[in-house]
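Listed here are the chains, written in short residue letters.
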Amino acid sequence: MLPTSFAKSLCAFISVGAMIVPQYAQAENLTYKLINGDVVSGEYLPEESSNKVKVLLSPYFGRIEIDTSFITPEPTPSRWLSSVDVGIDGSNTGDDLSFGYAISASTRFKGKDHELNASASFDFDKSVDAEGVSTIDTNQGAFSIRYDRSLSTPKWSTYASTDYIYNALNDVGVNTNIFSVGFGYKVLDNKKLSLRVSLGPSLIWFDGGSGCSTGDDISDGISLQKYCGEIIPSGTIGAAIDWDVNEQFRLSIKDQLTGSFVNGMAAGNDLSGTLKFFPSKNSKFYMSLVARLIYSALHSPDIDNTFNFKLGTDF
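Residues numbered from 1 in each chain as written. Predicted model: local features only at pLDDT ≥ 70, side-chain atom pairs only at ≥ 80, totals over all residues. Heavy atoms only, no water.

Enquirer: What's the story with the nonpolar core in this structure? I'm lost.
Expert: Most often, soluble globular proteins have nonpolar side chains that are buried together. Phe206, Ile222, Val262 and Leu298 are the most contacted members of the largest nonpolar core, which totals 15 residues. Once residues within four sequence positions are removed from consideration, Leu298 is found in contact with Val172, Ile204, Phe206, Ile222, Leu224, Ile232, Ser260, Val262 and Ala266. Listed in part, the nine residues of the second largest apolar core include Leu30, Leu34, Tyr44 and Leu56. (Core = buried A, V, L, I, M, F, W, Y, C linked by side-chain atoms within 4.5 Å. Buried < 20%, exposed > 50% of the residue type's maximum accessible area, 1.4 Å probe, protein only. Contact = heavy atoms within 4.5 Å.)

Here it is, written out as structure tokens:
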């Protein structure tokens, strides 16, 4: 039986995907501006289109073939897209003080037949009580990098990725690294919405924490000390959604489900989401709400959830 928190995270990702994908999976509507100033819109028919001819199905004019030489070229987007986010929080109740901050950064390079994504984040919270005793409430970070190379069919790709997670407060699993290779498939890939799923074998390594020394921590019947510092064969299924809801809202969701060959099968799930709000159409500055929900049967504690409100910019 799957843990309740794990099942909820997985159901949340599936529910969001079920709401978003059907809107774009049925048909992609495109608008082309021609060199003579005319504008043509309709449902894009990719199976009948090519590099020389684009075919649209217009509700008013029916099937339209457009020679690509008559289409006004769109500005070439930058191959690089990067962002930086910063958030702070604090409170003062009587003589009790608390302060925290969260920073994150990401970058993406998108070439003709390959793509590179990298991101890093760090969260820290500290509180001091009336007696001057300080407590670290949050001290964690993460780094991930993924490289995709397209195959002969653009929708398919091979990938290699590594995800490092640090949590100083874990009793088991202060440091965790997941390395995976496999295949990716772009279910959807247009200007407003992209959905890519991935599948492949992986290796998991974790270590650090008092439980790796004492051997007192048991999760789902697994004595975690036995596997501290070991490389564990696993399998990974991933999915990533990027959705430009409109000119002011942008939603990104990533989910990575792992199954490790420990005591039968030890499950893990890493679900993260970011909702960005841009105050104006041409603004590169935004406000973001970030959530990350992690479950791992190989960690103690096995649940790690974080929520942040940040300010950031694209460049």
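Enquirer: In this structure, what is going on with the packing of aromatic side chains? I would like to understand it.
Expert: Both the distance between ring centres and the angle between the ring planes are used here to describe each pair of aromatic rings. All told, the structure shown has seven aromatic pairs when counted by the stated rule. Geometrically, the ring pair formed by Trp80 and Phe109 is tilted, given 5.0 Å between the ring centres and 55 degrees between the ring planes. Placement of the pair is Trp80 in strand S5 (residues 80–93) and Phe109 in strand S6 (residues 96–110), with a sequence separation of 29 residues. Given the relative accessible area of 48%, Trp80 is considered partly exposed. Under the relative-accessibility criterion, Phe109 is labelled buried at 17%. Relative to Phe122, the ring of Tyr101 has its centre 6.2 Å away and its plane inclined at 40 degrees; by these criteria the two rings are tilted. Residue Tyr101 is located in strand S6, and its partner Phe122 is located in strand S7 (residues 114–128); the two are separated by 21 residues in the primary sequence. Given the relative accessible area of 25%, Phe122 is considered partly exposed. The ring of Tyr159 has Arg146 sitting right over it, with the charged end atom 4.3 Å from the ring centre. (Phe/Tyr/Trp six-rings, centres within 6.5 Å; stacked < 30°, edge-to-face > 60°. Helix = DSSP H or I, 4+ residues; strand = E, 2+ residues; numbered from the N terminus. Lys NZ or Arg CZ within 6 Å of the ring centre and 35° of its normal.)

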